[in-house]
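Chain by chain, the residues run as shown.
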Amino acid sequence: MAEKVVAAGEPLTDDQLPDLVIVGAGLFGLTVAQQAVEKTGARVVMLDVRDHIGGNAYSYFDKETGAEIHKYGAHLFHTSSEVVWKYVNRFTTFTNYVHRVYTTHNGEVFPLPINLGTVNQFFRASYTPAEAKALIDEQAGELAGKDPQNLNDKGISLIGRPLYEAFIKNYTAKQWQTDPTELPASIISRLPVRFNYDSRYFKDTWEGLPTDGYTAWFERMIDDPRIEVKLGVDFFDESQPWNKSALVGRVPVVYTGPIDRYFNYSHGELKWRTVDFVERRYDEGDHFGCPVMNFADSDVPYTRAIEFKNFNPERRAQQNPDKTVVWEEYSRFASREDEPYYPINTESDKSLYETYSELADQEPNVVFGGRLGTYKYYDMHQVIATALASFERTIEPMLAGKE
């Protein structure tokens with residue numbers, strides 16, 4: 001993989017062009033690059049405005065604590081796709097990490113998702129699964145016969161007022177910076193309650209964390225001399241040669257940046273939510289005793305805290321036993337200058353995306369992909385799956401000159 005390159009100089013000549021340009025070195029772009037060289041022998045140039053590969057899944061090791069820091073928030077790999085699982089295991093092994101989440105409410109810690117342990121602890125009871133289900137059904141029946149028009153009423157209708165107000169209401173208000181009574185009911189389709197003591201957060205067949213870190217995994221994916229990575233390069237900066245005007249129409253392009261930015265926001269901006277992090281360092285080996293602690297109450301301004309050391313207990317020998325680092329996570333609406341994390345997906349946003357998607361279909365030899373390029377929230381395994389499918393369906397034929 002090439003070191004950081006900020007391109008400058010004369011316009012590119014035809015013989016300087018690769019077979020494929022990929023804009024964005026996140027998981028979609030990495031997967032496409034790997035597949036392109038393996039299956040077609042293509043020469044690939046990857047561009048990224050950041051100073052690292054891996055997109056939002058990028059991680060680095062903190063010198064003081066030895067913790068692997070997920071720079072853009074906690075990333076947990078999980079999948080039920082055998083195709084994806086076999087693919088990623090070509091480049092990394094995985095730990096046996098199983099994700100479990102806890103939440104603090106009224107000074108007490110409960111397991112999430114809401115399960116029989118949560119229910120019995122909350123109601124100070126020893127309900128059987130059938131008894132707990134009957135109780136939740138009775139409490140959820142408060143709004144029976146009504147069609148909930150806001151998130152607050154929808155939540156009550158799904159799991160009942162006591163559990164909703166304890167664990168969902170204020171957390172959601174912090175996530176959206178909006179009272180749930182003013183949020184559309186469509187934001188939530190279900191709020192699962194498990195009537196057993198299963199506290200696994202994910203239900204997928206496989207889960208774990210890359211044994212030697214995310215960045216090592218990503219570097220192996222593109223460890224090929226036919227792949228050149230140029231970091232610190234802005235695709236829209238025409239003062240450098242690797243720009244949109246100089247490339248589109250001359251060479252196949254896979255674009256994974258914001259789709260509205262590609263079209264210079266000509267029809268308006270798609271709305272996103274972003275996340276801010278505040279770092280806390282503690283002179284102790286373990287502050288929370290778990291990797292992720294949610295805070296369900298309104299008097300705590302952040303939604304959750306991430307203690308990175310606890311994602312990798314197998315690395316204790318390499319970690320500082322007397323220091324730990326915690327990131328508090330704050331959610332807010334994103335501006336154009338912020339890092340977009342979660343698409344808001346109102347009806348107007350969906351309509352606007354369709355407008356941009358129609359324009360994208362008309363771009364010559366340009367494939368739009370990834371979270372930003374398709375205005376969708378994807379987990380990592382979903383990004384990889386869509387990249388593999390897009391490569392087979394569209395990009396490989398394009399490289400073979402069939403389109």
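Conventions used here
- Numbering of residues begins from 1 in every chain and follows the order in which that chain's sequence is written.
- Only residues with pLDDT of at least 70 get local features here, since the model is predicted, and only at 80 or more are side-chain atom pairs given and counted; chain-wide, interface and lining totals rely on the full set of residues.
- As a convention, hydrogens and water are excluded, and side-chain values are obtained from all of the structure's heavy atoms.
- UniProt positions are given in the numbering used here, feature names are shortened, and annotations may be inferred rather than shown by experiment.
- Residue burial is assigned from relative accessible area. The probe radius is 1.4 Å, only protein chains are included, and a residue is buried under 20% of its type maximum, exposed over 50%, and partly exposed in between.
- Numbering of helices and strands runs from the N terminus, with a helix taken as a DSSP run of H or I at least four residues long and a strand as a DSSP run of E at least two residues long.
- When DSSP finds at least two bridges between two strands, those strands are taken to pair.
- The directions considered for the arc run from the helix axis to the C-beta atoms.
- Every residue pair with non-hydrogen atoms within 4.5 Å of one another is taken to be in contact.
- Any pair of N or O atoms that falls within 3.5 Å is considered a polar contact. Within protein, one atom must be able to donate a hydrogen and the other to accept it, and sequence-neighbouring residues count only if both atoms are side-chain atoms.
- The angle between two axes is taken between their N-to-C directions and runs from 0 to 180 degrees, where each axis is a line fitted to C-alpha atoms and a helix contributes only its stretch in contact.
- Among the buried residues, those of types Ala, Val, Leu, Ile, Met, Phe, Trp, Tyr and Cys that are joined through side-chain atoms within 4.5 Å form a nonpolar core.
- Any two of the Phe, Tyr and Trp rings considered here, Trp counted by its six-membered ring, make a pair once their centres fall within 6.5 Å; the pair's planes then place it as stacked at under 30 degrees, edge-to-face at over 60, or tilted in between.
- When the NZ atom of lysine or the CZ atom of arginine is within 6 Å of a ring's centre and also within 35 degrees of its normal, the charge is said to sit over that ring.

As named in an unreviewed UniProt entry, the protein is UDP-galactopyranose mutase, taken from Galliscardovia ingluviei. According to UniProt, the comment filed for the protein under the heading Sequence similarities (unreviewed entry) is "Belongs to the UDP-galactopyranose/dTDP-fucopyranose mutase family." Quoted verbatim from the Cofactor (unreviewed entry) field of the UniProt record, the comment on the protein reads "FAD".

Of all five residues in strand β9 (residues 227–231), four are buried, a share of seventy percent or more. Where strand β2 (residues 44–48) and β9 come together, five bridges link them in parallel fashion. Residue pairing across strands places Val-45 opposite Glu-228, the latter belonging to β9.

Next up on the list: unusual backbone geometry. With an omega dihedral of -10°, the bond running from Leu-112 to Pro-113 counts as a cis peptide bond. With respect to the helices and strands, Pro-113 occurs in the loop between β7 (108–112) and α3 (116–123). The phi dihedral of Arg-124 is positive, around 50°, even though this residue is not glycine. The phi dihedral of Tyr-375 falls on the positive side, at around 50°, and the residue is not glycine.

This part takes up helix α5 (residues 151–159). Restricting attention to buried positions, one finds in α5 the residues Leu-151, Asn-152, Gly-155, Ile-156 and Ile-159. Looking straight down α5, one finds that the buried residues subtend no more than 135° of arc, so they occupy a single side. In this structure, the buried side of α5 is in contact with α4 (129–140) and α6 (161–176). For α5, the N-terminal cap is Asn-150; the gap from its side-chain oxygen to the backbone nitrogen of Asn-152 is 3.0 Å. Gly-160 occupies a position one or two residues after α5 and carries a positive phi of about 90°.

Take the sheet that holds β9 next. Pairing is parallel across the open sheet formed by five strands, whose spatial order is β9-β2-β1-β10-β16. Each end of this open sheet is capped by a strand with a single partner; those strands are β9 and β16 (366–368). Across this sheet, the average inter-strand angle for adjacent strands is 15°, counted without regard to direction. Against the sheet, helix α1 (residues 27–40) contacts β1 (20–23), β2, β9 and β10 (253–255), and its axis sits at roughly 170° relative to β2.

Glancing now at the UniProt feature "domain: UDP-galactopyranose mutase C-terminal" (unreviewed entry) in the protein. Per the UniProt record, "domain: UDP-galactopyranose mutase C-terminal" (unreviewed entry) is found at residues 166–377. Annotation note: span residues 166–377, helix share 22%, strand share 21%, distance between end C-alpha atoms 27 Å.

Before going further, it helps to examine the side chain of Gln-319. With respect to the helices and strands, Gln-319 occurs in the loop between β13 (304–307) and β14 (324–333). A distance of 3.0 Å separates the side chain of Gln-319 from the side chain of Arg-316, its partner in a polar contact. In contact with Gln-319, other than residues within four places in its own chain, are Thr-65, Gly-66, Lys-309 and Asn-312.

By size, the foremost hydrophobic cluster in this structure holds 105 residues, and its most contacted members are Val-44, Met-46, Phe-77, Trp-217, Leu-247 and Val-253. No other element matches helix α12 (residues 380–399), which puts eight residues into this core. Those residues in contact with Met-46 that lie beyond four places of it in its chain are Ile-22, Gly-24, Ala-25, Gly-29, Leu-30, Ala-33, Ile-222, Ile-227, Glu-228, Val-229 and Lys-230. Counting residues in hydrophobic clusters, the runner-up holds seven residues, among them Cys-290, Met-293, Phe-295 and Ala-305.

Scanning the entire structure with this criterion turns up 37 aromatic pairs. With a centroid separation of 5.1 Å and 70° between ring planes, the pair formed by Tyr-87 and Phe-91 is classed as edge-to-face. Residues Tyr-87 and Phe-91 agree in their burial class; the two are buried. Here the aromatic residues Phe-77, Trp-85, Phe-94, Trp-206, Tyr-214, Trp-217 and Phe-218 are joined through ring pairs into a cluster of three or more. Just above the ring of Phe-236 sits the side chain of Arg-261; from NZ or CZ to the centre is 3.9 Å. The ring of Phe-333 carries Arg-273 above its face, with NZ or CZ at 4.3 Å from the centroid.

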